[in-house]
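# What the coordinates show
Read off the chains here:
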Amino acid sequence: MKAAVHTRYGPPDVVRISDVDKPTARDNEVLVKVHATTVNRTDCGFRAAKPFIVRLFSGLIRPRVTVLGNEFAGVVEAVGTGVTSFEVGDRVFGYNEGPFGAHAEYMTIPEDGVLATMPANVTYEQAAPGTEGSHYALSFIRRAKIRSGQHVLVNGATGAIGSAAVQLLKSLGADVTATCDAENMELVRGLGADRVIDHTAEDFTKDDQTYDVVLDAVGKSSFGRCKRLLKPGGIYLSSELGPLSQNPILALFTPLLGGKKVMFPIPKQDQEMVRYFGKLIDSGAFMPLIDRRYPLDQIVEAYRYVETGQKIGNVVISIESPSQ
Ligand SMILES: NC(=O)c1ccc[n+]([C@@H]2O[C@H](COP(=O)([O-])OP(=O)(O)OC[C@H]3O[C@@H](n4cnc5c(N)ncnc54)[C@H](OP(=O)(O)O)[C@@H]3O)[C@@H](O)[C@H]2O)c1
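These notes cover the structure that comes with them. Only a predicted model underlies this, so the values are computations on that prediction, with no experimental measurement involved. (Residues numbered from 1 in each chain as written. Predicted model: local features only at pLDDT ≥ 70, side-chain atom pairs only at ≥ 80, totals over all residues. Heavy atoms only, no water.)

## Details of the site of the ligand
For clarity, the cut-off: Being near a molecule or strand, for a residue, means having at least one of its heavy atoms within 4 Å of it. In protein, a polar contact requires one atom able to donate a hydrogen and another able to accept it; more generally it is a pair of N or O atoms within 3.5 Å, and residues adjacent in sequence count only if both atoms are side-chain atoms. The accessible surface values rely on the Shrake-Rupley method and a 1.4 Å probe; as for residues, cover is taken only from the protein chains in view. The helix and strand labels rest on DSSP assignments: H or I over at least four residues marks a helix, E over at least two residues marks a strand, and numbering proceeds from the N terminus. Under this grouping Gly is polar, as are all residues other than the nonpolar Ala, Val, Leu, Ile, Met, Phe, Trp, Tyr, Cys and Pro and the charged Asp, Glu, Lys and Arg.
Residues in contact with the ligand amount to 22 residues; listed here are only the nearest, Arg41, Thr158, Asp181, His199 and Glu240. One nitrogen or oxygen atom from the main chain of Val218 is found 3.5 Å from an oxygen atom belonging to the ligand. Between the ligand and the protein, one listed contact pairs an oxygen atom with a side-chain N or O atom of Glu240 at 2.5 Å. Isolated, the ligand exposes 910 Å² of accessible area, and the fraction of that covered by the protein chains is 86%. Going through the elements one at a time, helix H1 (41–48), helix H4 (132–143) and helix H5 (160–172) are the ones with two or more residues in the shell around the ligand. Classifying every residue of the shell around the ligand by side-chain character gives six nonpolar, ten polar and six charged.

This is the structure we're talking about:
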């Protein structure tokens with residue numbers, strides 16, 4: 001089968017389209033014929049080994065996992081002898097960070113892995129980007145226990161995390177102020193934001209309003225700069241480590257001080273989560289935002305585009321006619 005393979009860490013062109021052995025499902029696994037996947041910031045981080053800590057999980061000198069791709073949507077082609085929850089022909093989508101393998105025509109995943117039946121009303125390309133950015137967004141929302149009526153500011157509402165965060169927050173009934181550039185203000189209002197700030201014209205950290213939560217989905221701010229935006233006891237969350245990797249450190253001691261605090265949740269991934277996203281997609285409360293689509297053969301261009309830091313939502317890879 002065809003797969004996007006990288007055998008060393010580096011820039012996008014370390015990735016090559018190669019013929020590799022088609023995997024077979026072990027007793028507890030399903031074999032998925034992948035119809036759509038994505039190139040996201042997690043793939044970029046593991047391909048380039050940035051930050052360096054990635055090497056602790058994925059190989060100090062060379063990558064242990066040579067086919068990346070964590071988000072997928074496709075059809076179950078075969079099941080292991082012990083599999084009871086999925087059948088051949090099921091349309092499934094999910095998230096496979098760690099083992100990866102979705103940048104290929106076929107992948108395997110344990111039946112209790114992060115996968116679920118796809119919502120009936122969407123295409124593979126629509127479902128595939130439904131778990132990476134959104135699982136970061138959901139981890140933030142759940143950790144901060146955001147509830148209906150709370151005021152939340154989302155910085156960077158056009159990223160994969162930000163665009164999911166706006167929609168997930170609205171589905172919970174939060175009041176959302178979001179930042180993006182002038183060109184995308186209508187788009188972000190369409191995602192449900194109650195108020196939109198053009199970050200190219202206005203410094204959101206100087207805003208007059210205060211918020212229960214500031215969620216920096218592109219990691220461009222700091223707790224120090226955002227503190228004045230927070231109500232007493234308010235929470236600051238960021239998708240990045242922050243200046244001098246301060247966010248995880250601040251998350252350890254600011255909650256002990258009893259005032260405004262930083263939280264830095266470790267994202268959680270399980271079947272409940274992917275089923276939750278499936279239900280939201282089914283109900284129309286959440287639809288992953290898609291920017292560009294590329295065929296698997298052009299995955300290097302997809303990586304280059306994602307690394308401009310300018311994608312709007314998600315970049316999808318279509319895998320159309322698998323070889324035998
Ligand atoms: N494993 C990892 O290392 C990992 C995994 C996931 C995410 N992350 C981090 O999480 C962040 C978000 O990732 P993502 O995939 O959701 O989105 P992304 O692709 O990094 O975000 C791109 C969007 O952010 C907007 N943006 C850029 N600078 C901005 C600013 N200063 N203020 C507001 N918006 C800005 C851009 O639009 P405009 O510039 O046109 O407004 C573009 O639409 C990244 O920093 C990424 O490194 C890391």
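## Description of the pattern of salt bridges
Two side chains carrying opposite charge are able to pair once their charged atoms lie near each other. The line we're drawing: When a carboxyl oxygen of Asp or Glu is within 4 Å of a side-chain nitrogen of Lys or Arg, the pair counts as a salt bridge.
One pass over the structure, following the stated rule, counts 15 salt bridges. Residue Glu29 pairs with Arg26 through a salt bridge whose shortest N-O separation is 3.6 Å. Where Asp203 meets Lys206, a salt bridge forms, and the shortest distance between an N and an O atom there is 3.1 Å. Via salt bridges that share partners, Asp13, Glu301 and Arg304 belong to a single interconnected network.

## Remarks on the sheet that holds strand E10 (residues 195–198)
Just so we agree on the cut-off: Strand pairing requires that DSSP identify at least two bridges connecting the strands. To obtain an axis, a line is fitted to C-alpha atoms, over the contacting stretch when the element is a helix, and the angle between two such axes runs from 0 to 180 degrees between their N-to-C directions. Two residues qualify as a contact provided that any one of their heavy atoms is within 4.5 Å of a heavy atom in the partner residue.
The strand order across the open sheet built from six strands is E10-E9-E8-E11-E12-E13, with neighbouring strands paired in parallel fashion. Each of the sheet's edge strands pairs with one partner strand only, and the pair in question is E10 and strand E13 (261–263). In this sheet, neighbouring strand axes are inclined to one another by 20° on average, regardless of whether the strands run parallel or antiparallel. The pairing of strand E8 (residues 151–155) with strand E11 (residues 211–216) spans four bridges and is parallel. Bridging from a neighbouring strand, Leu153 pairs with Val214 of E11. Against the sheet, helix H8 (residues 246–257) contacts strand E12 (230–238) and E13, and its axis sits at roughly 130° relative to E13.

## Re the packing of aromatic side chains
Definition in use: Stacked, tilted and edge-to-face are the three classes applied to pairs of Phe, Tyr and Trp rings, where Trp contributes its six-membered ring and a pair requires centres within 6.5 Å; stacked means planes under 30 degrees apart, edge-to-face means over 60, and tilted covers the rest. Think of it in three bands: with a 1.4 Å probe and only protein chains considered, a residue is buried below 20% of the maximum accessible area for its type, exposed above 50%, and partly exposed in between. Geometrically, a lysine NZ or arginine CZ counts as sitting over a ring once it is within 6 Å of the ring centre and also within 35 degrees of the ring normal.
Under the criterion given, the structure shown has four aromatic pairs. Ring geometry for Phe277 versus Phe286: centroids 6.0 Å apart, planes at 55°, classification tilted. Neither Phe277 nor Phe286 differs from the other in exposure class; each is buried. Counting every residue linked through ring pairs, the aromatic cluster contains Tyr276, Phe277 and Phe286. For the cation-ring pair, Arg142 lies above Tyr276, with the distance from its terminal atom to the ring centre recorded as 5.1 Å.

## Some details on the environment of Glu29
For Glu29, the position within the fold is in strand E3 (residues 29–39). Counting along the chain gives 79 residues from Glu29 to Thr108, while the straight-line C-alpha distance between them is 6.3 Å. In this structure Glu29 touches Thr24, Val79, Gly80, Val83, Thr108, Ile109, Pro110 and Glu111, once residues within four positions along its chain are discounted.

## Things to note about the packing of H4 against H5
The cut-off we apply is this: We call two directions roughly parallel when the angle between them is under 35 degrees, roughly antiparallel when it is over 145, roughly perpendicular when it lies between 65 and 115, and oblique otherwise. Here is the rule for handedness: rotate from the far helix to the near one, and if that takes an anticlockwise turn smaller than a right angle the crossing is left-handed, while a clockwise turn gives right-handed.
Where H4 contacts H5, the two axes come as close as 8 Å, and the packing angle between them is 50°. Viewed along their axes, H4 and H5 adopt a mutual orientation that is oblique. Crossing angle aside, the handedness with which H4 passes H5 is right-handed. In this structure, H4 contributes Glu132, Gly133, Ser134, Tyr136, Ala137, Leu138, Phe140 and Ile141 to the contact, and H5 contributes Ala160, Ile161, Ala164, Ala165, Leu168, Leu169 and Leu172. Residues of the contact of H4 with H5, tallied by class, amount to twelve nonpolar, two polar and one charged.

## Focus on helix H9 (residues 271–283)
This is how the line gets drawn: By definition here, a helix of n residues has an expected span of 1.5 Å times n minus one.
Across its 13 residues, H9 extends 18 Å between first and last C-alpha, which sits within 8% of the 18 Å expected from 1.5 Å per residue. The complete set of buried residues in H9 reads Gln271, Met273, Val274, Phe277, Gly278, Leu280 and Ile281. Against strand E5 (91–95), strand E7 (115–117), H4 and H5 lie the buried residues of H9.

## Things to note about the environment of Asp297
Tracing the chain through its elements places Asp297 in the loop between strand E14 (290–295) and helix H10 (299–306). Distance from Asp297 to Gly133, taken between C-alpha atoms, is 24 Å for residues 164 residues apart in sequence. For Asp297, the residues in contact, after removing those within four places along its chain, are Lys2 and Ile17.

## Things to note about the nonpolar core
As a reminder of what qualifies: We define the nonpolar core as a collection of buried residues of types Ala, Val, Leu, Ile, Met, Phe, Trp, Tyr and Cys that are connected through side-chain atoms lying within 4.5 Å of one another.
Within the largest apolar cluster, 50 residues are counted, with the highest numbers of intra-cluster contacts made by Phe93, Ile146, Val154, Val166, Leu168, Leu169 and Leu237. Here this core gets six residues from one element, more than from any other, and that element is H5. The contacts of Leu169, once residues within four sequence positions are left out, are Ile141, Ile146, Val152, Val154, Ala174 and Val176. In this structure, Val14, Val83, Ala102 and Val306 belong to the second largest nonpolar core, which totals 32 residues.

## Some points on the side chain of His135
Looking at the element boundaries, His135 is found in helix H4. If near-sequence neighbours (up to four positions away) are discounted, His135 is found in contact with Tyr95, Glu97, Pro267, Lys268, Gln269, Met273 and Phe277.

## Some details on H8
Stated precisely, the cut-off is as follows: What the arc covers is the set of directions going from the helix axis to the C-beta atoms.
The terminal C-alpha atoms of H8 lie 16 Å apart, and with twelve residues this matches the ideal 16 Å at 1.5 Å per residue to within 8%. Those residues of H8 not exposed but buried are Asn247, Leu250, Ala251 and Thr254. Looking straight down H8, one finds its buried side chains confined to an arc of 110°; they lie on one side. Opposite the buried face of H8, by more than 90 degrees, sit the exposed residues Leu252 and Leu256. With its phi angle positive at about 85°, Gly258 sits one or two positions after the end of H8.

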